[in-house]
Amino acid sequence: MPGLSEIQGRLVPTFDLLRGRADTSRRLRLRMKFLLSLVLVIAALTFSTLLIVGHSAEGQVQKAIEQDTRNSVLTFENIRAERQLELSRNADLISTLPAVKALMTDPDAANMDDAFEGIWHSKNFDLVALADWTGKIVALHTSSPGFPISAAQEMFEQSRGASEKGTWWFGQGHLYQAAMRPIDLSDPPAKMHLGTVIVGREIDSQVAREVGRIALCQIAFRYGDEPVVSSFSALDERTVSDGLSPRAASGKFQIGDKRYLFSSVNLTPTLHPNLTLTVFKPYDEAFAYINHLNQRLVLLGLAAVVIGGVVVFLISSTFTRPLEQLVAAVQALEEGNFVYPLGPDTGDEVSQVTAAFERMRLTLRNNEEQTQMLSEQLRHSQKMEAVGRLAGGVAHDFNNLLTVIKGHSDLLELKLGSLSPVQHSVLQVKKAADRATALTRQLLAFSRMQVLQPQVLDLNAVIADVNKMMPVLLGEEVAYNFLPGERLAHIKADPSQIEQVLVNLAVNARDAMSKGGKLTVTTQNVVLDEEYARTHPPVIAGKYVLVVVADSGHGMDEQTKSRIFEPFFTTKELGKGTGLGLSTVYGIVKQSGGYIWVDSAVNQGTRFEIFLPQTTEAVSLIEQGEIFRPMNRGAGTVLLAEDEEAVRELACEFLRASGYHVIAAKDGIEALELAEQQKKSIDVLVTDVVMPRMRGTELAMRLKRAHPDINVVYMSGYLEHNSDDSFLTNAELLQKPFSRESLLQKLYAVLARDAVRSVHVN
């Protein structure tokens, strides 16, 4: 049996042959695709040109034929006018003959027929008729038999008052062009009307063919819906009679292998039925040139396709070869080879594609080097997200534990007194609990789950309070200036959140002015109209308070400016910034119902514009800085709802020790049941926000409907994501962990406010 090396030696040439055939097949496919594409393009252009030229030529020929048709109609009108003039002269001549007048005055009818026969043979007419003064046909003679006197009487009635153009008589398939003249007996000073003489010439097939010969066309007459005569042969005339619609004014018509354009003219528009003349113009010969032109264009197109295909096939290698190299480089890139050689730069489009691929390959290689850094950033962001979720998940239970620790520390300190030997240990426990409380609130601030306490604010007053820390925050090298707006409207927001916005923007400005500069804060009332809202989505038109924070720092480019509000994005060095400052600013502004815009350029500073919606509410006394002091002893009934037993017992002990009557419930459902059983009024509801079976906010709303005068104090350690809680107006919020003093402070606040309302009512 052959060895492994021998087998490999035999397979290598086979693989090379297969690879060569695959390359050849790929090359031929590319060439054939290009050749087929070019052939299709040439064919499309050729036949498009053929259609356009053919359509244009056909339109021109058709217009010429239509003009010839109109000329043929005019030719017939001229012939008809000449015949009518001749008939009118003959009619005038006959009407003045003494013999005719004698006939009309002779009452002997037999003598009238003999005399009228003489007049008929003396003139070359196809129709002669006489009518008496009453309009009755008294004599009639036609060259063709079969025209009854009744038909003549009907035609005479229709032809009365005919114009100089004459009239047309039709009967029993015979059509006559006629002229009418009155027969008058001159008897001055008056004229006596004796009757009317009518003379006519028949329009027969011979006349129709003569007119068609002169006008270079075929004609046909139709009286109403009945065909009369035409210049066609008997067989073709039958085809025209059966196939042509009487109501068709113009169009195309085919007789045998001949095609015609026809146009119809109404010769008697004032009479009914109408006499219609239809002119048929042949156009087969005219379109023969178009067919010849189409054949030439087809031949030229086929020649162009063949010649172009041959030329393209010969020169296709000039661009298929670099394309093959480009395909090989792409395949190498799939295998991780970033240095596969490419074709030379020839300056054409293929070289441009190759250069673009080289740039893309370089970018991919750089991206490969940055993958580890991006992975590190992803892990960092996931870690931050996990920390945020962890903070929200443990905050509630941790705050309950801290509440118990701090509360019982306060009780121990109160019961043991300052001389107790364990007083130092109690103080250490309280300090540790305070540090744990600060840590918890920092975690909640990071995860943006703090409970918001919106108030009606005077923004100038809030900024004035923040200004006290600005010199220390900015340093001596930064000049700070505050320009408050006059008569500034009020806003409704959490004052601590607004302060955080100002501090974060100030810190960001300080870092942008490492060599010193100027920071300016201005406020003013603005009105954003519909035009501004349309160009700055998602802004809603309305009245706002504008806060502008502008610095003279190094500014930002467009790429940096587009990402400044992204979490964890920072331009600072590693370890000098978390990238949460501006994202927190953005979140606070959005939570307050406002909008923020930034305008910045490199070396031109940065300008932040914050729009906060105005409110017409007045600033309350508490919000103006009034400080309540808790009473030593309290009075009233307090309904306490808390699901954590240790916290519930601690709060009950605080309240009862201060003189309050306390009703304790472990959740919202039990609190409602106890409230229904209570005969005395309940003064204050103290409830946790997050409880099983019923949330504290729902409990407060239900009790408020049943007891309108009840006051509410909410207890909560954090604000859940996507929570739709709605807090009652004038309610107080007690953040966990709380102390004895903070709990009594909140009860005193709501009861004092209730007492003030009672005084105003009385």
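Just so it is clear, the model here is predicted, and its values are computed rather than measured.

Caption draft 1: Representation of the overall build of the protein chain. What the protein chain contains, in helices and strands, is 20 helices and 22 strands. Taking all 762 residues of the protein chain together, 39% fall into the buried category. The contacts in the protein chain between residues at least 6 apart in sequence include a share of 65% that link residues at least 24 apart. Carbon and sulfur atoms form 56% of the exposed surface of the protein chain, whose accessible area is close to 43400 Å².

Caption draft 2: Highlighting the sheet that holds strand S6 (residues 218-223). The 5 strands lie next to each other as S7-S6-S10-S9-S8, forming an open sheet whose pairing is antiparallel. The outermost strands of the open sheet, each flanked by one partner alone, are strand S7 (226-230) and strand S8 (250-255). With direction set aside, neighbouring strand axes in the sheet form an average angle of 30 degrees. As judged from the 6 bridges shared by S8 and strand S9 (residues 258-266), these two strands associate in the antiparallel manner. Bridge pairing in S9 places Phe 253 opposite Tyr 260. Contacting S6, S7, S8 and strand S10 (275-282), helix H6 (residues 234-243) crosses the sheet at an angle of about 135 degrees to S8.

Caption draft 3: A look at the nonpolar core. Residues Leu 459, Leu 505, Leu 519, Val 547 and Ile 610 are the most contacted members of the largest nonpolar core, which totals 36 residues. Examining the composition of this core, we find that 6 residues originate from one element, helix H13 (residues 495-512), more than from any other. Excluding residues within four positions of it along the chain, Val 547 makes contact with Leu 459, Ile 463, Leu 502, Val 521, Thr 522, Thr 523, Phe 608, Glu 609 and Ile 610. Grouped together as the second largest cluster of nonpolar side chains are 35 residues, Ala 129, Phe 156, Phe 170 and Met 180 included.

Caption draft 4: Region of the structure containing helix H17 (residues 645-657). With 13 residues, H17 should reach 18 Å at 1.5 Å per residue; the first-to-last C-alpha distance of 18 Å fits that figure. At the exit of H17 stands Gly 659, carrying a positive phi of roughly 100 degrees.

Caption draft 5: Representation of the sheet that holds strand S18 (residues 637-641) in the model. Strand order in the open sheet formed by 5 strands is S19-S18-S20-S21-S22, and the pairing between neighbours is parallel. Every interior strand has two partners, whereas the edge strands, strand S19 (661-665) and strand S22 (732-735), have only one. Within the sheet, the average angular offset between the axes of one strand and its neighbour, ignoring direction, is 20 degrees. With 5 bridges joining them, S18 and S19 adopt parallel strand pairing. Bridging from a neighbouring strand, Leu 640 pairs with Ala 664 of S19. Of the strands in this sheet, S18 and S19 touch H17, which is tilted by about 170 degrees from S19. Here helix H18 (residues 668-677) sits on the sheet and contacts S18 and S19; the angle it forms with S19, its principal contact strand, is near 140 degrees.

Caption draft 6: Summary view of unusual backbone geometry. That bond from Pro 537 to Pro 538 is cis: its omega, 5 degrees, falls within 30 degrees of zero. Position of Pro 538 relative to the elements: it lies in the loop between helix H14 (530-535) and strand S15 (542-551). In the segment running from Lys 736 into Pro 737, the intervening peptide bond is cis, with an omega of -5 degrees. Its location among the elements puts Pro 737 in the loop between S22 and helix H20 (740-761). Of note, the phi angle at Asn 603 is positive, near 65 degrees, even though the residue is not glycine. Note that Asn 603 resides in the loop between strand S16 (595-600) and strand S17 (606-615). According to the relative accessible area criterion, Asn 603 is exposed, its value standing at 66%.

Caption draft 7: Seen up close, the pattern of salt bridges. The tally for this structure, following the rule as stated, stands at 13 salt bridges. Ionic pairing is found between Arg 201 and Asp 126, a salt bridge with its closest N-O pair at 3.8 Å. Taken together, the residues Arg 201 in strand S5 (residues 190-202) and Asp 126 in the loop between helix H3 (109-122) and strand S1 (127-132) connect sequence positions 75 residues apart. The salt bridge partner of Arg 534 is Glu 531, with a shortest N-O separation of 2.2 Å. Taken together, the residues span about one helical turn, with Arg 534 and Glu 531 both in helix H14 at a distance of 3 residues. Overall, Glu 531 belongs to the partly exposed group, its relative accessible area being 42%.

Caption draft 8: Focus on the packing of H18 against helix H19 (residues 696-706). For the pair H18 and H19, the least separation of the axes is 10 Å and the interaxial angle reads 15 degrees. Taken together, H18 and H19 sit at an angle that is classed as roughly parallel. At the point where H18 passes H19, the crossing takes the right-handed sense. Seen from H18, the contacting residues are Gly 668, Ala 671, Leu 672 and Ala 675; seen from H19, they are Leu 699, Arg 702 and Leu 703. Partitioning the contact of H18 with H19 into residue classes produces 5 nonpolar, 1 polar and 1 charged.

Caption draft 9: How the structure looks around the pairing of S10. With 7 of 8 residues buried, S10 lies mostly within the body of the structure. With 7 bridges joining them, S9 and S10 adopt antiparallel strand pairing. Pairing of Ser 263 across the sheet is with Val 279, part of S10.

Caption draft 10: Summary view of the packing of aromatic side chains. What the rule picks out here adds up to 11 aromatic pairs. Judged by centre distance (4.7 Å) and plane angle (25 degrees), the ring pair of Phe 170 and Tyr 223 falls under stacked. Of this pair, Phe 170 sits in strand S3 (residues 167-171) while Tyr 223 sits in strand S6, and the two are 53 residues apart along the sequence. Owing to a relative accessible area of 12%, Tyr 223 belongs among the buried residues under this scheme.

Caption draft 11: Seen up close, a nonpolar patch on the surface. On the surface, a cluster of nonpolar side chains totalling about 300 Å² of accessible area is made up of Val 306, Val 310 and Leu 314. Among the secondary structure elements, Val 310 is positioned in helix H7 (residues 284-315).

Caption draft 12: A look at the pairing of S15. With 7 of 10 residues buried, S15 lies mostly within the body of the structure. When strand S14 (residues 517-528) meets S15, the two strands line up antiparallel, connected through 10 bridges. Bridge assignment links Thr 520 to a residue of S15, and that residue is Ala 550.

Caption draft 13: The arrangement of the packing of helix H11 (residues 459-467) against H13 in detail. Interhelical geometry of H11 versus H13 gives an angle of 55 degrees and a closest axis separation of 10 Å. Taken as axis vectors, H11 and H13 run oblique relative to one another. The two elements H11 and H13 cross, and the hand of that crossing is right-handed. Contacts between H11 and H13 pair Leu 459, Val 462, Ile 463 and Val 466 from the former with Ile 498, Glu 499, Leu 502 and Val 503 from the latter. Here the contact of H11 with H13 is built from residues that sort into 7 nonpolar, no polar and 1 charged.

Caption draft 14: Representation of the environment of Glu 476 within the structure. Along the chain, the position of Glu 476 falls in the loop between helix H12 (470-474) and strand S12 (478-483). For Glu 476, a relative accessible area of 86% translates into the label exposed. Sequence separation of Glu 476 and Gly 517 is 41 residues, and the distance between their C-alpha atoms is 10.0 Å.

Parameters and conventions
Residues numbered from 1 in each chain as written. Predicted model: local features only at pLDDT ≥ 70, side-chain atom pairs only at ≥ 80, totals over all residues. Heavy atoms only, no water. Helix = DSSP H or I, 4+ residues; strand = E, 2+ residues; numbered from the N terminus. Buried < 20%, exposed > 50% of the residue type's maximum accessible area, 1.4 Å probe, protein only. Contact = heavy atoms within 4.5 Å. Areas by Shrake-Rupley, 256 points an atom, 1.4 Å probe, with all protein chains shown as cover. Pairing = 2+ DSSP bridges. Axes fitted to C-alpha atoms, helices over the stretch in contact; angles between N-to-C directions. Core = buried A, V, L, I, M, F, W, Y, C linked by side-chain atoms within 4.5 Å. Expected span 1.5 Å × (residues − 1). Salt bridge = Lys/Arg side-chain N within 4 Å of Asp/Glu carboxyl O. Parallel < 35°, antiparallel > 145°, perpendicular 65-115°, else oblique. Left-handed = near helix turned anticlockwise from the far one by under 90°. Nonpolar A, V, L, I, M, F, W, Y, C, P; charged D, E, K, R; others polar. Phe/Tyr/Trp six-rings, centres within 6.5 Å; stacked < 30°, edge-to-face > 60°. Patch = residues over 30% accessible without salt bridge, like charges linked within 9 Å, V, L, I, M, F, W, Y side chains within 5 Å.

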